[in-house]
Number of protein chains: 2
Amino acid sequence: MFTETIMSQRPGFVSAIADTTPPALSLQALFSKQAVETFEGGSAVFWEGDSARHVFEVVEGVLRVFKITGDGHRVITGFIYPGDLLGVSLKDRYLYTAEAVTKTKLRRFTRRRFQEEINQSPELRPQLFARLCDEMAAAQDQMVLLARKSAEERVSSFLLVIARRLSSDQLAQPIVEIPMTRLDMADYLGLTIETVSRTMTKLISAGVIAPSGRHSVIVRKPAKLARLAGEGDDDDKQTWDQASIQQAIWPQ
Amino acid sequence: MFTETIMSQRPGFVSAIADTTPPALSLQALFSKQAVETFEGGSAVFWEGDSARHVFEVVEGVLRVFKITGDGHRVITGFIYPGDLLGVSLKDRYLYTAEAVTKTKLRRFTRRRFQEEINQSPELRPQLFARLCDEMAAAQDQMVLLARKSAEERVSSFLLVIARRLSSDQLAQPIVEIPMTRLDMADYLGLTIETVSRTMTKLISAGVIAPSGRHSVIVRKPAKLARLAGEGDDDDKQTWDQASIQQAIWPQ
DNA sequence: CGCATTATTGATTGATTTCAAAGAGTGTGG
DNA sequence: CCACACTCTTTGAAATCAATCAATAATGCG
């Protein structure tokens, strides 16, 4: 099971990822020493209930993380993007199945080794904690979405979140990549595939988004999208001085 | 801001709580040195967005933790019971409002002090991690509930969870205390108060539960309740007599 | 005891699901 | 290069579950 020795190590590759992190020892720097493994789209990294032997960092690609309910429904609890950690449950069994949506590259540590590293580094610990807290915050937002939002609000929220996630990477692009299928979206948003499809169509008809291939859309009216997503949108003036950035990302 | 000096310390009080914890230094032992504060039912401990200055441990009582959506809906993301921690977000702002459901007793640390203690203790750290992971697991279960379960499944799941939670405290009691109101339940389960009420009535008519005052019910058919909750329970014997009730509630 | 709050019950509406079918995109092999 | 099979997506019509609207009942508090 120790597949991390399969590929050659690429120490010089670190800087491209770790540039933005101030401390000498970051989680990303830690993982950067590990070998990169590749998973084809659709393949599972681990299964719910598996003995939790490894912790992963996503280098490239997108994964879905899900549970199967008693009556066979799939509930996707999150999507994992490059830079995110995967499998950081302190339980000894994975809480969910992780599956590659697209072709994915990962680095892994054994849980034991990872815990040692974390324990020995006062620098790493707060970073890991921060990750867990981000995950918790995301989970809570998702609970709000599932508990009270309409189909239109759910889909809009989803598009908005992935649009913003991308914006930090590839700035000034109104094109939002949607690597996952409609079924993935449905199982993430607590809707059926038909409702997702209908809602997308509705957003397109309303001119909020425009189709741009099957796995991407162009956000045409980001302010309206935010309003539909049910954000506290009294006004969107005072947020940042970098309103110019927002305009650059989403030119109206 | 060091409000923990307000009340007198009660070192002798520890044992009653800390008896069950093996290690010399447990989270509960840590908190046990702090003064106890009381919050009346309905009063807020902190608000979403407040500067996150303290971490709390619940000594007694139940709290609700919630967010308010853009359109004014309240979404309760969890209930906090004695022994649980509150406010362990590593963010510098609280992610949610915490409000006492019943009269509640808490102990608190400043965040700074708490982090120091955690950082200096290799014994405490895994305990805190385990708590966070339990919280995460609960959040995921809640996402599953909200994403795919019917009203009946939601209410049944809720009753089952609090029944099991109580069982560790006050054993061998099929009487489940429900300290929260129907509105609390509704806002937690992503339903309306009417639907919760109707579903409870339905469960009563079906003989699954029996009313026992407004804030408690008797679980008469725990196996059926588990089935209605959508748990993967392939086998289920009929369970009318008291002995099998207890077995079914607490199988382990 | 009366009033405010909380809970139940009933009737109706409506959003989303379900069922059904057709259309679009992708890859394969002849 | 095209036909075929497959999957994924869109669209339509009907059914359903929970929300909403409305009224009554129970509880608890001063």
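First things first, this report covers the structure right here in the doc. Here the residue numbering is sequential within each chain, running from 1 through the sequence in written order. All chains are assigned letters beginning at A, and all ligands numbers beginning at 1, according to the order in which they are written. Owing to the predicted nature of the model, reporting of local features is limited to residues with pLDDT of at least 70; listing and counting of side-chain atom pairs is limited to 80 or more, with chain, interface and lining totals taken over all residues. Computation of side-chain values: all heavy atoms of the structure, hydrogens and water removed.

### Thoughts on the pattern of salt bridges
Residues and elements named next belong to chain A.
Working step 1: Definition used for salt bridges: Asp or Glu carboxyl oxygen within 4 Å of a side-chain nitrogen of Lys or Arg. Counting across every chain of the model gives 26 salt bridges over all chains.
Working step 2: When the shortest N-O distance is used, the salt bridge between arginine 74 and aspartate 184 registers 2.9 Å. Of this pair, arginine 74 sits in strand β5 (residues 74-80) while aspartate 184 is found in helix α6 (residues 182-189), placing the two residues 110 residues apart along the sequence.
Working step 3: Under the scheme applied here, a residue whose accessible area is under 20% of the maximum for its type counts as buried, over 50% as exposed, and between as partly exposed, the area being computed with a 1.4 Å probe on protein chains only. We classify arginine 74 as buried; its relative accessible area is 16%. The numbering of helices and of strands both runs from the N terminus, where a helix is a DSSP run of H or I of at least 4 residues and a strand a run of E of at least 2.

### Describing the relation of the copies chain B and chain A
One copy of the chain maps onto the other through a rotation about an axis followed by a shift along the same axis.
Working step 1: At an RMSD of 0.1 Å, chain B and chain A line up after a rotation of 180° and a shift of 0.0 Å along the axis. In the structure described here, the two chain copies are related by an operation that fits a two-fold rotation axis.
Working step 2: Most of the interface of chain B is mirrored in chain A, where 97% of its interface residues again form contacts. The least-squares superposition of copies is restricted to C-alpha atoms, and to residues with a pLDDT of at least 70 in both copies. For this analysis, residues touch if any pair of their heavy atoms sits within 4.5 Å.

### Looking at the sheet that holds strand β9 (residues 175-177) of chain A
The pairing of strands in a sheet happens through backbone hydrogen bonds and is either parallel or antiparallel.
All names here are of chain A.
Working step 1: At least two bridges found by DSSP between two strands are what make those strands a pair. Strand order in the open sheet formed by three strands is β9-β11-β10, and the pairing between neighbours is antiparallel. Unpaired on one side and paired on the other, β9 and β10 (209-211) mark the two borders of the sheet. Neighbour-to-neighbour, the strand axes of the sheet open up by a mean angle of 35°, direction not taken into account.
Working step 2: Here β9 runs beside strand β11 (residues 216-219); their pairing, made up of three bridges, is antiparallel. Interaxial angles span 0 to 180 degrees and are taken between N-to-C directions of axes, which are lines fitted to C-alpha atoms, for helices over the stretch in contact.

### Focus: the protein's contact with DNA strand D
Working step 1: DNA strand D sits among 17 residues. The nearest are Ser197(A), Thr201(A), Ala151(B), Thr195(B) and Arg198(B).
Working step 2: Being near a molecule or strand, for a residue, comes down to having at least one heavy atom within 4 Å of it. For DNA strand D, the backbone portion of the atoms within 4 Å of the protein, that is sugar and phosphate, comes to 63%.
Working step 3: Arg198(B) has a polar side-chain atom sitting 2.8 Å from a base oxygen of DNA strand D.
Working step 4: Among the secondary structure elements, those contributing two or more residues to the surface near DNA strand D are α6 and α7 (193-205) of chain A together with α7 (193-205) of chain B.
Working step 5: We call Asp, Glu, Lys and Arg charged. Ala, Val, Leu, Ile, Met, Phe, Trp, Tyr, Cys and Pro are nonpolar, and the rest, Gly among them, are polar. Class assignment of the residues belonging to the surface near DNA strand D gives a composition of three nonpolar, seven polar and seven charged. Two N or O atoms count as a polar contact when they lie within 3.5 Å, although within protein this holds only if one can serve as hydrogen donor and the other as acceptor, and sequence-adjacent residues are included solely when both atoms are side-chain atoms.

### Topic: the interface of chain B and chain A
Working step 1: Contact residues are listed per partner, giving 38 residues for chain B and 39 residues for chain A.
Working step 2: Around 3,500 Å² of area is buried between chain B and chain A when both sides are counted, 68% of it from carbon and sulfur atoms.
Working step 3: Here chain B is connected to chain A by six salt bridges.
Working step 4: Put simply, chain B and chain A have nine residue pairs in polar contact (both at pLDDT 80 or more) between them.
Working step 5: Among the secondary structure elements, those contributing two or more residues to the side of chain B that touches chain A are β5 (74-80), α4 (124-148) and α6 (182-189) of chain B.
Working step 6: It is α4(B) that provides the largest number of residues to the side of chain B that touches chain A, a total of 18 residues. Buried area is calculated as the accessible area (1.4 Å probe) missing from two parts once they are joined, with the contributions of both summed.

### Let's talk about the protein's contact with DNA strand C
Working step 1: Contacts to DNA strand C come from 17 residues, most closely from Ala151(A), Thr195(A), Arg182(B), Thr201(B) and Arg214(B).
Working step 2: Atoms of DNA strand C within 4 Å of the protein: sugar and phosphate make up 63%, bases the balance.
Working step 3: Between DNA strand C and Thr195(A), the relevant distance is 2.4 Å, taken from a phosphate oxygen to a side-chain nitrogen or oxygen of the residue.
Working step 4: The separation between a phosphate oxygen of DNA strand C and a polar side-chain atom of Arg182(B) is 2.8 Å.
Working step 5: Residue assignment for the surface near DNA strand C shows that the elements contributing at least two residues are α7 of chain A together with α6 and α7 of chain B.
Working step 6: It is α7(B) that contributes the most residues to the surface near DNA strand C, four residues altogether.
Working step 7: Classifying every residue of the surface near DNA strand C by side-chain character gives three nonpolar, seven polar and seven charged.

### Topic: the packing of helix α4 (residues 124-148) of chain A against α4(B)
Working step 1: Packing of α4(A) against α4(B) brings their axes to within 9 Å, and their N-to-C directions diverge by 20°. On the basis of the axis angle, α4(A) is roughly parallel to α4(B). Crossing geometry of α4(A) relative to α4(B) is assigned as left-handed. Facing Arg125(A), Leu128(A), Phe129(A), Leu132(A), Glu135(A), Met136(A), Ala139(A), Gln142(A), Met143(A), Leu146(A) and Ala147(A) of α4(A), the residues of α4(B) in contact are Arg125(B), Leu128(B), Phe129(B), Leu132(B), Glu135(B), Met136(B), Ala139(B), Gln142(B), Met143(B), Leu146(B) and Ala147(B).
Working step 2: Residue composition of the contact of α4(A) with α4(B), grouped by class: 16 nonpolar, two polar and four charged. By definition in this entry, angles of less than 35 degrees are roughly parallel, angles greater than 145 are roughly antiparallel, angles of 65 to 115 are roughly perpendicular, and the rest are oblique. With the far helix as reference, a near helix turned anticlockwise by less than a right angle produces a left-handed crossing, and one turned clockwise produces a right-handed crossing.

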